[in-house]
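# Structural overview
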Amino acid sequence: MSTANKKVGFVSLGCPKALVDSERILTQLRTDGYDIVPSYDDADIVVVNTCGFIDSAKQESLDAIGEALAENGRVIVTGCLGAMADTITEAHPKVLAVTGPHAYEEVVSKVHHFLPQEKTHNPFTDLVPPQGIKLTPRHYAYLKISEGCNHRCSFCIIPSLRGDLVSRPVGDVLDEAERLANAGVKELLVISQDTSAYGVDIKYQTGFWQGRPIKANMQGLCEALAELGIWVRLHYVYPYPHVDKIIPLMADGKILPYLDIPFQHASLSILKAMKRPAATENTLKRIEKWRQICPELTIRSTFIVGFPGETDADFEELLSFLQIAQLDRVGCFQYSPVAGAKANELPGAVAEELKQERWERFMATQQEISSNRLRRKIGSEMDVLIDSVGGEADEEGDSDDLNGLVELNKIVGRSFADAPEIDGSVFVEANSHVSAGDIVRVKITQADEYDLYGVLVD
């Protein structure tokens with residue numbers, strides 16, 4: 001009986017890429033016969049998958065480790081902060097073990113060492129679903145196509161934590177995507193540190209899927225994913241010229257007309273200081289060309305204000321870029337130093353009060369742009385993927401609301417323009433025939449700064 005199995009608690013922090021790492025670890029533990037439990041009290045041991053990208057994330061991870069130790073006492077730490085083992089052990093010397101990022105086998109090995117599984121695992125009765133253990137609702141899933149990054153952005157320490165770009169074989173990626181689609185996943189969110197660079201490390205080596213050759217590059221991957229007949233959403237895309245080849249796939253409805261591009265800034269001097277591979281003028285021309293090919297294209301991005309050396313002129317150039325680019329979804333962060341990042345050595349630190357002022361001006365500017373673009377959708381009809389009904393999420397997902405927006409007796413979903421957790425939502429009047437994971441047709445009747453409201457189309 002499964003009640004004899006050893007029980008593992010799991011805390012997953014950080015970005016979607018870390019979430020995929022957690023899913024892989026949990027899948028292997030479940031395959032090895034361990035039960036996964038949701039509380040400290042029920043767990044024989046706890047694994048904490050940490051984030052170490054910025055100081056606030058490091059502190060959140062250290063706090064989570066401390067909580068797990070206080071509540072359970074037996075804790076294994078992994079993830080990005082695990083690359084700084086001394087930081088963890090100095091703060092929490094009682095942790096059982098520390099492993100680094102994407103050290104899947106090592107984490108599982110540590111669990112086996114500190115919590116030996118006495119019961120022999122039976123693969124015929126202790127089943128793991130073919131798509132593996134997922135931490136997302138069952139109607140969407142993240143598909144990680146590579147590890148690491150070849151860029152050396154001055155504000156980022158990801159390459160020192162996760163190494164250079166390592167692309168997964170295209171056949172393996174597509175096999176996983178097919179398993180997810182067959183398991184009922186309606187939306188795949190393609191993620192990596194640099195999705196546009198997929199395959200560059202393996203010289204775009206041709207792989208095989210379903211008995212035919214597939215080019216291991218962004219275009220070949222997207223064309224194959226489009227055959228699955230589900231939503232495919234691209235994240236962490238750099239605006240390289242070859243991204244132009246993906247836009248026609250979006251215009252033809254083969255993949256979602258959505259690009260998540262972390263522009264980070266618009267001033268050439270700041271981009272140079274950031275060591276970002278971009279030029280503002282070329283980027284604006286490229287966005288204009290993309291929208292000519294695919295007018296429905298939604299572009300989301302992230303920016304940093306208050307980067308060392310950022311002048312008033314640099315910031316005004318950033319605001320001007322926003323007005324011209326008319327991006328749909330935008331997030332903004334105030335620069336904060338990250339231990340080990342080259343940007344710490346740059347002169348011209350921006351005062352905290354000035355960072356706050358610029359952030360507020362940035363957000364006010366973008367909020368007006370986003371509001372105007374959303375209002376244009378009033379009166380239109382669109383497909384909406386339902387995330388929750390009346391505050392109840394998909395049974396395999398979190399029962400809490402998404403983005404804190406679920407209201408009783410409301411259907412909450414997302415259009416092609418909305419990624420889960422980071423973008424807005426579409427609110428629809430309740431209907432007893434609609435369930436989480438359904439794709440329904442909705443007529444948009446209202447809009448605000450971030451969200452849309454509508455009614456079901458019969």
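Now for the overall build of the protein. Of the regular secondary structure elements, the protein holds 12 helices and 21 strands. The globule rule puts the C-alpha radius of gyration for 458 residues at 23 Å, and the 23 Å found for the protein is close to it. Across its three principal directions, the C-alpha atoms of the protein cover 65 × 60 × 50 Å. The buried share among the 458 residues of the protein stands at 54%. Pairs at least 24 apart in sequence give 72% of the contacts found in the protein among residues at least 6 apart. Of the roughly 20,100 Å² of accessible surface on the protein, 50% is carried by carbon and sulfur atoms. When the 45 positive and 67 negative side-chain charges of the protein are each reduced to one mean point, those points stand 6 Å apart.

Bringing helix α6 (residues 170–182) into the picture now. Under the 1.5 Å per step criterion, the end-to-end length of α6 is 18 Å for 13 residues, consistent within 8% with the ideal 18 Å. Those residues of α6 lying buried are Val170, Gly171, Val173, Leu174, Glu176, Ala177, Leu180 and Ala181. Contacts from the buried residues of α6 go to β6 (140–144), β9 (187–191), β10 (207–209), β11 (212–214) and α7 (218–225). Once α6 finishes, Gly184 follows within two positions and takes phi at roughly 105°, a positive value.

Let us look at the packing of α6 against α7. Between α6 and α7, whose axes approach to 11 Å, the crossing angle comes to 25°. Relative to α7, the element α6 lies roughly parallel. Like other packed secondary-structure pairs, α6 and α7 cross with a definite hand, here right-handed. Across from Val170, Val173, Leu174 and Ala177 in α6, the residues of α7 making contact are Leu221, Ala224 and Leu225. By residue class, the composition of the contact of α6 with α7 is seven nonpolar, no polar and no charged.

Attention now goes to the state of the cysteines. Considering all chains together, one arrives at zero disulfides under this definition. Counting only cysteine sulfurs, Cys51 is the nearest neighbor of Cys15, a cysteine outside any disulfide, at a range of 6.3 Å. On the accessibility criterion, Cys15 (30% relative accessible area) is partly exposed.

Another point: the pattern of salt bridges. Applying the stated criterion across every chain yields a total of 25 salt bridges. A salt bridge links Asp21 to Arg162, with the nearest nitrogen and oxygen atoms 2.8 Å apart. With Asp21 in helix α1 (residues 16–31) and Arg162 in helix α5 (residues 158–162), this pair connects stretches of sequence that are 141 residues apart. Relative accessible area serves as the criterion here: at 7%, Arg162 is assigned to the buried category. The salt bridge partner of Arg358 is Glu310, with a shortest N-O separation of 2.8 Å. In this pair, Arg358 is assigned in helix α12 (residues 352–375) and Glu310 in the loop between β14 (298–305) and α11 (312–325), connecting sequence segments 48 residues apart. One continuous salt-bridge network, built from bridges that share partners, spans Asp21, Lys144, Glu147 and Arg162.

Taken together, the side chains of Asp41, Asp42, Glu60, Asp63, Glu67 and Glu71 present a region of like negative charge at the surface. The topology assignment puts Glu71 in helix α2 (residues 55–71). Looking at Glu71, the relative accessible area reads 46%, which means it is partly exposed.

Grouped together as the largest cluster of nonpolar side chains are 68 residues, with contacts concentrated most on Leu225, Leu234, Leu259 and Phe362. Among the nonpolar cores identified, the runner-up in size contains 23 residues, and Ala43, Ile65, Ala68 and Met84 belong to it.

For the rest of this paragraph, the subject is the packing of α1 against helix α4 (residues 104–114). The interhelical angle for the contact between α1 and α4, taken along N-to-C directions, is 45°, at an axis separation of 10 Å. Judged on the interaxial angle alone, α4 and α1 are oblique. Pair α1 / α4 crosses with right-handed handedness. Contacts between α1 and α4 involve Asp21, Arg24, Ile25, Gln28 and Leu29 on the former and, on the latter, Tyr104, Glu105, Val107, Val108 and Val111.

Locating His151 in the fold gives a position in the loop between β7 (146–147) and α5. At 2.9 Å, the side chain of His151 and the side chain of Asp194 are in polar contact. Among the polar contacts made by the side chain of His151, one reaches the side chain of Tyr240 at a distance of 2.6 Å. Those residues in contact with His151, other than ones at most four positions away along the chain, are Pro159, Asp194, Tyr238, Tyr240 and Pro277.

Let us look at the pairing of strand β21 (residues 452–456). Inspection of the sheet shows strand β19 (residues 426–429) paired to β21 by three bridges, in the parallel sense. Each bridged residue has a counterpart across the sheet, and for Phe427 the counterpart in β21 is Tyr453. As judged from the five bridges shared by strand β20 (residues 439–447) and β21, these two strands associate in the antiparallel manner. In the sheet register, Gln446 faces β21, and the bridge partner there is Tyr453.

Parameters and conventions
Along each chain, numbering runs from 1 in the same order as the chain's sequence is written. Totals for whole chains, interfaces and linings use every residue, but because this is a predicted model, local features are given only for residues with pLDDT of at least 70 and side-chain atom pairs only at 80 or more, for both listing and counting. Side-chain metrics in this entry use all non-hydrogen atoms of the structure; hydrogen atoms and water are not considered. Segments assigned H or I by DSSP are reported as helices when at least four residues long, segments assigned E as strands when at least two residues long, and all are numbered from the N terminus. Here the radius of gyration uses the C-alpha set of atoms, whereas the globule reference equals 2.2 Å times the residue count to the power 0.38. For each residue, the accessible area found with a 1.4 Å probe, counting protein chains only, is set against the maximum for its type, and the residue is called buried under 20%, exposed over 50%, and partly exposed in between. Any two residues having at least one pair of non-hydrogen atoms within 4.5 Å are treated as being in contact. Every accessible area reported is derived by Shrake-Rupley at a probe size of 1.4 Å, with residue values counting cover from the shown protein chains alone. Under the counting rule used here, the positive set is Lys and Arg, the negative set is Asp and Glu, and His together with the chain ends is not counted. Charge coordinates come from a single atom per side chain, which is NZ of Lys, CZ of Arg, CG of Asp or CD of Glu. Multiplying one less than the number of residues by 1.5 Å gives the expected span of a helix. Lines are fitted to the C-alpha atoms to define the axes, a helix being fitted only along its stretch in contact, and any angle between axes, read from their N-to-C directions, falls within 0 to 180 degrees. Oblique is the label for every angle not falling under 35 degrees (roughly parallel), over 145 degrees (roughly antiparallel), or within 65 to 115 degrees (roughly perpendicular). What makes a crossing left-handed is the near helix being turned counterclockwise from the far one by less than a right angle; a clockwise turn instead makes it right-handed. Put simply, Ala, Val, Leu, Ile, Met, Phe, Trp, Tyr, Cys and Pro go in the nonpolar bin, Asp, Glu, Lys and Arg in the charged bin, and everything else, Gly too, in the polar bin. Counting rule for disulfides: a pair of cysteine sulfur atoms within 2.5 Å. One speaks of a salt bridge when a side-chain nitrogen belonging to Lys or Arg is within 4 Å of a carboxyl oxygen belonging to Asp or Glu. Within this analysis, patches are made of residues with over 30% relative accessible area and no salt bridge. Like charges are joined at 9 Å or less; nonpolar side chains (Val, Leu, Ile, Met, Phe, Trp, Tyr) at 5 Å or less. Put simply, a nonpolar core is a bunch of buried Ala, Val, Leu, Ile, Met, Phe, Trp, Tyr and Cys residues held in one set by side-chain atoms that sit within 4.5 Å of each other. Polar contact criterion, stated in full: a pair of N or O atoms within 3.5 Å, where within protein one must be able to donate a hydrogen and the other to accept it, and residues adjacent in sequence count only if both atoms are side-chain atoms. Paired strands are those between which DSSP finds at least two bridges.

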